[in-house]
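# Secondary and tertiary structure notes
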Amino acid sequence: MSNLRVLSFSVSLDGFSAGPNQSLQNPLGEMGPEIFEWAFPTRVFQKMHGGGDGETGVDNQIAEEGFKNMGAWILGRNMFGPVRGPWPDENWKGWWGDEPPYHVPTFVLTHHARKPIAMKGGTTFHFVTDGIQSALKQAKAAAGGMDVRLGGGVATIRQYLTAGLIDDLHLAVRPVVLGRGEHLFQGLDLRALGYEGFKSVAGERANHVFLRKRAGA
Ligand SMILES: NC(=O)c1ccc[n+]([C@@H]2O[C@H](COP(=O)([O-])OP(=O)(O)OC[C@H]3O[C@@H](n4cnc5c(N)ncnc54)[C@H](OP(=O)(O)O)[C@@H]3O)[C@@H](O)[C@H]2O)c1
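Let me begin by describing the structure that accompanies this report. (Residues numbered from 1 in each chain as written. Predicted model: local features only at pLDDT ≥ 70, side-chain atom pairs only at ≥ 80, totals over all residues. Heavy atoms only, no water.)

### What about the overall build of the protein?
- What the protein contains, in helices and strands, is six helices and eleven strands.
- Overall size of the protein, expressed as C-alpha extent along the three principal axes, is 45 × 45 × 35 Å.
- Contacts in the protein between residues at least 24 apart in sequence constitute 63% of all its contacts with a sequence separation of at least 6.
- Summed over its atoms, the accessible surface of the protein is roughly 10500 Å², and 52% of this surface lies on carbon and sulfur atoms. (Helix = DSSP H or I, 4+ residues; strand = E, 2+ residues; numbered from the N terminus. Contact = heavy atoms within 4.5 Å. Areas by Shrake-Rupley, 256 points an atom, 1.4 Å probe, with all protein chains shown as cover.)

### Some words on the site of the ligand
- As a matter of local geometry, the ligand sits amid 24 residues, with Arg77, Thr110, His111, Thr156 and Gln159 nearest to it.
- Arg77 is positioned such that a nitrogen or oxygen atom in its side chain is 2.6 Å from an oxygen atom of the ligand.
- Measuring from an oxygen atom of the ligand, one finds a side-chain N or O atom of His111 at 2.6 Å.
- About the coverage of the ligand: the protein hides 87% of its 940 Å² of free accessible area.
- Elements that contribute at least two residues to the shell around the ligand include exactly β1 (4-12), β2 (16-18), α4 (77-80) and α6 (154-162).
- Tallying contributions element by element places α6 first for the shell around the ligand, with four residues.
- Each residue belonging to the shell around the ligand can be placed in one class, and the counts come to ten nonpolar, 13 polar and one charged. (Near = heavy atom within 4 Å. Polar contact = N/O pair within 3.5 Å; in protein donor to acceptor, adjacent residues only side chain to side chain. Nonpolar A, V, L, I, M, F, W, Y, C, P; charged D, E, K, R; others polar.)

### Structural notes on the nonpolar core
- Formed by 29 residues in total, the largest nonpolar core has its most connected members in Leu4, Ile74, Leu150, Ile157, Tyr160, Leu161 and Ile166.
- Listed by contribution, the elements that provide at least two residues to this core are β1, β3 (70-76), β4 (105-109), α5 (132-143), β7 (147-152), α6 and β8 (168-174).
- With residues near it in sequence (within four places) discarded, Ile166 still touches Leu4, Val6, Leu150, Ile157, Tyr160, Leu161, Tyr195 and Lys213.
- In terms of nonpolar packing, the next biggest core, distinct from the first, is built from 16 residues, Leu7, Trp73, Val108 and Met119 among them. (Core = buried A, V, L, I, M, F, W, Y, C linked by side-chain atoms within 4.5 Å. Buried < 20%, exposed > 50% of the residue type's maximum accessible area, 1.4 Å probe, protein only.)

### Some thoughts on α6
- Every buried residue belonging to α6 is among Val154, Thr156, Ile157, Tyr160 and Leu161, and all of these are buried. Angularly, the buried residues of α6 cover 160 degrees about the axis, an arc narrow enough to put them on a single face.
- Following α6 by one or two positions, Gly164 has its phi on the positive side, about 65 degrees. (Arc of directions from axis to C-beta.)

### Considering unusual backbone geometry
- Across the junction of Gly152 and Gly153, the peptide omega takes the value -5 degrees, indicating a cis bond.
- Looking at the secondary structure, you find Gly153 in the loop between β7 and α6.
- Even without glycine at this site, Met31 takes up a positive phi of about 75 degrees.
- Structurally, Met31 can be placed in the loop between β2 and α1 (33-36).
- On the basis of relative accessibility, which here comes to 26%, the residue Met31 falls in the partly exposed class.

Right under this line is the structure:
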């Protein structure tokens, strides 16, 4: 069975998953890096960004698990880049350079159509303009029975949660407060939407909290 999964999604203690004022200089928004400080030192992150060896503790192990059995990804347009409104040209190809870390078909939700972009290493970005259900259908078809990872950002995850389409979530909760930014759960009644927490694991720099859709919900 192919599941829709949110994994290694960083969140501050007060519930923000991106800081305010995202830009080319601040892809995660102002203060945003504070919520990712658990991920930066890990082996998986360092390997992905051409760094050194990186750490191999609990945080790394959980982050590595999140890349297993993924046949496709779904991203929101703001996670793909800082360009807003109609695409001015074809130049922007994501934050990740020539070889993005996805290595599978990756579906980007946007209101602005664009031709697919084939990148080095197997990632092809497909731009989906007809909504979350369509992106999920296309991603599941492309995944060939493997899981689909919903990479974010916040607005995208909130839509899939509201529709009850996410099977499980792993949140990396950092002991920092942001005060402002993109709030992950504000106004969402997760319990009524059928979600339950079922596990937490202490990592070196984050507490890892696991939620899933209740059986039958
Ligand atoms: N905490 C974490 O682990 C984590 C992980 C990933 C990303 N992030 C951060 O999250 C931030 C981005 O999140 P965000 O909430 O600002 O935005 P987002 O979810 O990445 O993207 C939202 C945009 O995607 C397009 N979109 C979304 N749903 C759509 C739909 N149903 N139909 C058509 N287009 C749709 C719209 O763009 P247009 O209308 O402009 O086309 C919308 O403005 C970034 O700072 C990123 O670094 C954090």
